[in-house]
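# Results of the structural survey
What follows is each chain in one-letter form.
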Amino acid sequence: MDIYLPIANLSVNALVIILLGGGVGVLSGMFGVGGGFLTTPLLIFYGIPPAVAAASASTQVTGASVSGVFAHMKRGGVDFQMGGVLVVGGIFGTGAGAAIFEILESLGQIDTVINILYVLMLGSIGGLMAKESLTSVLAVRAGKPVAAAKRRHHPLVANLPMRWRFYRSGLYISPIAPLILGFITGIMTMLLGVGGGFIMVPAMLYLLGMGAQVVVGTSLFQILFVTMASTMMHSLTTKAVDIVLAVFLLIGSVTGAQIGARLAQRMRPEYLRLFLAAIVLLVAIRMALGLGWRPDEIYTLQAL
Amino acid sequence: MIRLFALLLFLLPMSASAQNVPKLVPDVSQRQINIQSGFTGAEMLLFGAIIYPRGVAPEGKVDVAVVLRGPARSVTLREKQKIAGIWVNADSSDFRSVPAYYAIASSRPLDQIVNSKTAAIYELGLDRLQLSPSGEVNAAEQRRFVDGLVDLNRRNGLFRQEAGTVEITDQVLYRARLNIPSSVPVGVYTAETLLIRDGRVIVADDNVEVRIRKTGFEQLVTVLAQDYALFYGAMAVLVSLLLGWFAGFVFNRL
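Residues numbered from 1 in each chain as written. Chains lettered and ligands numbered in written order. Predicted model: local features only at pLDDT ≥ 70, side-chain atom pairs only at ≥ 80, totals over all residues.

### Some thoughts on the overall build of chain B
The secondary structure content of chain B amounts to six helices and 13 strands. Along the longest, intermediate and shortest principal axes, the C-alpha atoms of chain B span 80 × 50 × 35 Å. Of all 254 residues assigned to chain B, the portion counted as buried reaches 30%. Contacts in chain B between residues far apart in sequence, at least 24 positions, make up 69% of those at least 6 positions apart. (Helix = DSSP H or I, 4+ residues; strand = E, 2+ residues; numbered from the N terminus. Buried ≥ 20, exposed ≤ 12 C-beta atoms within 10 Å, placed from the backbone. Contact = placed C-beta atoms within 7 Å.)

### Observations regarding the nonpolar core
By size, the foremost hydrophobic cluster in this structure holds 156 residues, and its most contacted members are Phe248(A) and Ala65(B). If you tally residues by element for this core, the top one is helix H9 (residues 212-236) of chain A, at 13 residues. Shared between two domains, this core holds at least three residues of each, these being domain 1 (24-214) and domain 2 (215-254) of chain B. (Core = buried A, V, L, I, M, F, W, Y, C linked by C-beta atoms within 7 Å. Domains from an automatic or database assignment.)

### A look at unusual backbone geometry
Notably, Lys239(A) is not glycine yet its phi reads approximately 55°, a positive angle. The residue Lys239(A) is located in the loop between H9 and helix H10 (243-264) in this model. Accessibility expressed as a C-beta count within 10 Å gives 18 for Lys239(A), which makes it partly exposed. A positive phi angle, close to 50°, is found at Ser132(B), a residue other than glycine. One can find Ser132(B) in the loop between helix H3 (116-121) and strand S8 (133-134).

### Brief notes about the interface of chain A and chain B
Tallying the contact residues gives 45 residues for chain A and 47 residues for chain B. At the level of secondary structure, the elements contributing two or more residues to the side of chain A that touches chain B comprise strand S1 (2-5), strand S2 (10-13), helix H3 (50-74), H9, H10, helix H11 (269-292) and strand S5 (299-303) of chain A. No other element matches the eight residues that H3(A) contributes to the side of chain A that touches chain B. Split into classes, the residues belonging to the side of chain A that touches chain B amount to 25 nonpolar, 16 polar and four charged. (Nonpolar A, V, L, I, M, F, W, Y, C, P; charged D, E, K, R; others polar.)

### What about helix H5 (residues 110-141) of chain A?
Residue and element names in this part refer to chain A. Between its terminal C-alpha atoms H5 stretches 45 Å, which fits the 46 Å expected from 32 residues at 1.5 Å a residue. At its buried positions, H5 is contacted by helix H2 (36-46), H3, helix H4 (80-107), helix H7 (176-192), helix H8 (197-208) and H11. Gly-143 lies just past H5 and shows a positive phi near 80°. (Expected span 1.5 Å × (residues − 1).)

### Remarks on the domain arrangement of chain B
All names here are of chain B. Under the domain assignment used here, chain B contains domain 1 (24-214) and domain 2 (215-254). Here domain 1 and domain 2 have C-alpha centroids that lie 39 Å from each other. At the level of secondary structure, the elements contributing two or more residues to the side of domain 1 that touches domain 2 comprise strand S2 (32-35) and strand S13 (200-214). In terms of residue class, the side of domain 1 that touches domain 2 is built from one nonpolar, three polar and two charged.

### Quick notes on the sheet that holds S8(B)
In space, the four strands of this open sheet follow the order S5(A)-S5(B)-S6(B)-S8(B), with antiparallel pairing throughout. Here the strands that pair on one side only, and so sit at the sheet edges, are S5 of chain A together with S8 of chain B. Here five bridges tie S5(A) to strand S5 (residues 72-83) of chain B, and the two strands are oriented antiparallel to one another. Note on S5(B): the bridge partner recorded for Ala303(A) is Val75(B). (Pairing = 2+ DSSP bridges.)

### A word on the confidence of the model for chain B
Residues and elements named next belong to chain B. On average, residues of chain B score 85 in pLDDT, and 91% of them are at 70 or above. Low pLDDT, under 50, characterises residues 12-17; the stretch is placed with one contact to residues that sit more than four places away or in other chains. Predicted complex metrics record ipTM = 0.85 and pTM = 0.81. (pLDDT = per-residue confidence, 0-100.)

### As for the packing of H2(A) against H3(A)
Two packed helices can be described by the angle between their axes and the distance between those axes. Residues and elements named next belong to chain A. Across the interface, H2 lies against H3 with an axial gap of 9 Å and an inter-helix angle of 150°. The two elements H2 and H3 cross, and the hand of that crossing is right-handed. Where H2 approaches H3, its residues Gly-36, Thr-39, Thr-40, Leu-43 and Ile-44 are matched on the opposing element by Pro-50, Ala-53, Ala-54, Ala-57, Ser-58, Gln-60 and Val-61. Of the residues assigned to the contact of H2 with H3, the class counts are seven nonpolar, five polar and no charged. (Axes fitted to C-alpha atoms, helices over the stretch in contact; angles between N-to-C directions. Left-handed = near helix turned anticlockwise from the far one by under 90°.)

### With respect to the environment of Pro71(B)
Residue and element names in this part refer to chain B. Residue placement: Pro-71 occurs in the loop between strand S4 (63-69) and S5. C-alpha of Pro-71 to C-alpha of Gly-187: the two residues are 116 residues apart in sequence and 6.3 Å apart in space. If we ignore the near neighbours within four places in the chain, the residues touching Pro-71 are Ala-100, Gly-187 and Val-188.

Spelled out as structure tokens, the structure:
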């Protein structure tokens, strides 16, 4: 079933897009991540122009995170104060991301920068996750109880002035730290089409030291609003949001997410995290190889 | 119609003075190609008749070449080079008039029917396109960029050159099929027909226009995205939110 994408200006197989969204959706349901970090590279491998892939993937992440936010809200798992600070930082981040996008595009370096950022980000996060989950898998195997990580914020965070009390997160820290964190993920969302959950969650846990019960919900809350902001920003600047592409991705991903959520209940969390780490590292390695291999196309065209 | 009539009036004295020149009556299978949701590309038939003076076909073989050409545009071509172990865009070159689409079909290979000078004058063949490169003085380097541009477009299906695909019947009727990929840019295209004999272009006609445009929903989306960006962005967000919310709602009931 072929479908014409009016913004990407090409025809794709709708089934492939739905399956791609579905596959990413299963993973996102299993791990509670938006899955943008897989959608964007996969779309690019499939032949969608990078800007359209990143813009439409961020639109898709919005839809993929809605029901999660509602679910966490019901459980009281969203710290709205913290989430609000992160969103404000994130919106400024998308603005900065748009400016960076424009500069890099005029220099012709946007693709390379997107690739390098993916390699660095996925490589480091995947490495950390693999290490952490391996330790806990080994500990579980040996029958030892897993030592709970000590909850404390990073000394840099603790030294920032103007402290606020974030009751639900159980924190008394300066809002500057989450503001900066939101800003950085906002840039990432704009450039890479990722929600940023897999940066946000570890940063919230290990940098800010937030209580684990509100981390995922608050991160989803931030992702929801920042991907909305980035869709708007892409619509206004790059004009690369393909609504048809986003809808087909969503049809797949919302279905896949439900399947993934059910699968996740049957699996041990340590193995689940190890599995996610493996996928993240695989994408990173594939992208790193892509930078070094001779590309299929040496030349690229840009309309003036 | 009035324009056509005016054109005929204008041409009449000329054709009267050039009694011995054959006339081409070219046409295409579609004057308009609509890009809709199921669009996977199109096949265009370029056909027509050759009308000889006094209705007599000359001795010896004639050849026909047909060209379908999209609107010209300015582009920057970037070239990747391996720097510090990774492939990055390094060099670039600007071209002022690159056709969005260019397909040529001929009854025999071009180098057998026209000499290189004629080919250059009429821009016959992918290696004869006048792309107006700018800013590059080094001829070898320019050649490399031109070759890169043509090769890229050829593999994307936007530049095509086919030999032996124009069928000529009884020296009078000709027809050729050209494929148009789904990634074809919109715009007004011109179909050109050239009658070639003894290495010379006897008559050329480029009066047939083909309009390629998006219609319906695809047109609406494009216009909204371009001209009503704020509204389009809000729509995209809303559609995404509703779809996500609705799916969550449905699956919770299951």
